[in-house]
Amino acid sequence: MCSGQLPDNKWLPRAINSYRNDILSRYDGKPILQADELYPVFSNVAYNLQYLEYLNKCFEELYTTSVIRAQNVKMFALNASQIIECLLYVKLIELGVNKNDIWDFNGNLRSAIQKNPFGMGITFYKQDMRWLKDLRNHVHIQSPAEISEADYAVFAELDVLNRSKLLLKSFLQKALKMPTKEMDTVFYFLLPTADFVHSKK
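All residue numbers refer to position in the chain's written sequence, counted from 1. With the structure being a predicted model, the display of local features is reserved for residues of pLDDT at least 70 and the display and counting of side-chain atom pairs for 80 or more, all residues being used for whole-chain, interface and lining totals. Side-chain descriptors were evaluated using all non-hydrogen atoms of the structure, hydrogens and water having been removed beforehand.

### Notes on helix α7 (residues 158-175)
A run of H or I in DSSP becomes a helix once it reaches four residues, and a run of E becomes a strand once it reaches two; helices and strands are each numbered from the N terminus. Given the number of residues in a helix, its expected span is that number minus one, multiplied by 1.5 Å. The end-to-end C-alpha distance of α7, which contains 18 residues, comes to 26 Å, matching closely the 26 Å that a straight helix rising 1.5 Å per residue would cover. The rule is simple: take the accessible area with a 1.4 Å probe, protein chains only, and divide by the maximum for that residue type; under 20% is buried, over 50% is exposed, in between is partly exposed. Buried residues of α7: L158, V160, L161, N162, S164, K165, L167, L168, K169, F171, L172 and A175, and no others. In this structure, the buried residues of α7 make contact with α1 (16-26), α2 (39-61), α3 (66-94), α5 (122-137), α6 (151-154) and α8 (180-186). Phi for K177, located one or two positions after α7, is positive at around 50 degrees. Here, residues are in contact when the closest pair of their heavy atoms is within 4.5 Å.

Here it is in structure tokens:
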């Protein structure tokens, strides 16, 4: 079940339960039941996916200022990294990694480079995910050295959004063992954005 149209032309994203059930049923790993201590992690993934679907709707249909648009791109990249981190956490524990060694994103990536979870390849974890981690670090930078390091500049480009989409889509496709055609339907909001809706500049 995908997002839909409500009466009076009101749009609603896909339900959290629907996302969570899909992910749990397709996850490439040990089955996770509701009583499992890792079950809430899949809820977090579902929350973030619903938010990404909403943000994508904003990019496609809302007229915004360029500053708000850049903030939305920042949140898309941040939430994409959180989804990957959540599923990596579950898989790495399954592979025997101590959860105390992967409590943060840095530890998560160090272990991922060693274990290559989901068969993504070392380049994905050493380069692609480092790029996403560096973007994520901008959330914590309060006083950028120059304007080019400010959020507005870093997250202003369409390429940042589309690369974040591509990385998350590639990861989810492996983690959920989902064929490309079905992936493009279920996670349509991870397809490339051709252009932002016209914004005030």
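### Notes on the environment of Y47
Here Y47 lies in helix α2. Overall, Y47 belongs to the partly exposed group, its relative accessible area being 44%. C-alpha of Y47 to C-alpha of I16: the two residues are 31 residues apart in sequence and 6.2 Å apart in space.

### Details of the pattern of salt bridges
Salt bridges are defined as contacts in which a side-chain nitrogen from Lys or Arg sits within 4 Å of a carboxyl oxygen from Asp or Glu. Following the criterion strictly, the structure yields 10 salt bridges and no others. The partner of D28 in a salt bridge is K177, with the nearest N and O atoms 4.0 Å apart. With a gap of 149 residues between them, D28 in the loop between α1 and α2 and K177 in the loop between α7 and α8 connect regions that are remote in the sequence. With relative accessibility at 28%, the residue D28 sits in the partly exposed group. With a relative accessible area of 53%, K177 lands in the exposed category. A salt bridge links K169 to D184, with the shortest nitrogen-to-oxygen separation between them at 2.6 Å. With K169 in helix α7 and D184 in helix α8, this pair connects stretches of sequence that are 15 residues apart. According to the relative accessible area criterion, K169 is buried, its value standing at 15%. On the basis of relative accessible area, D184 is assigned to the partly exposed category, the value being 24%.

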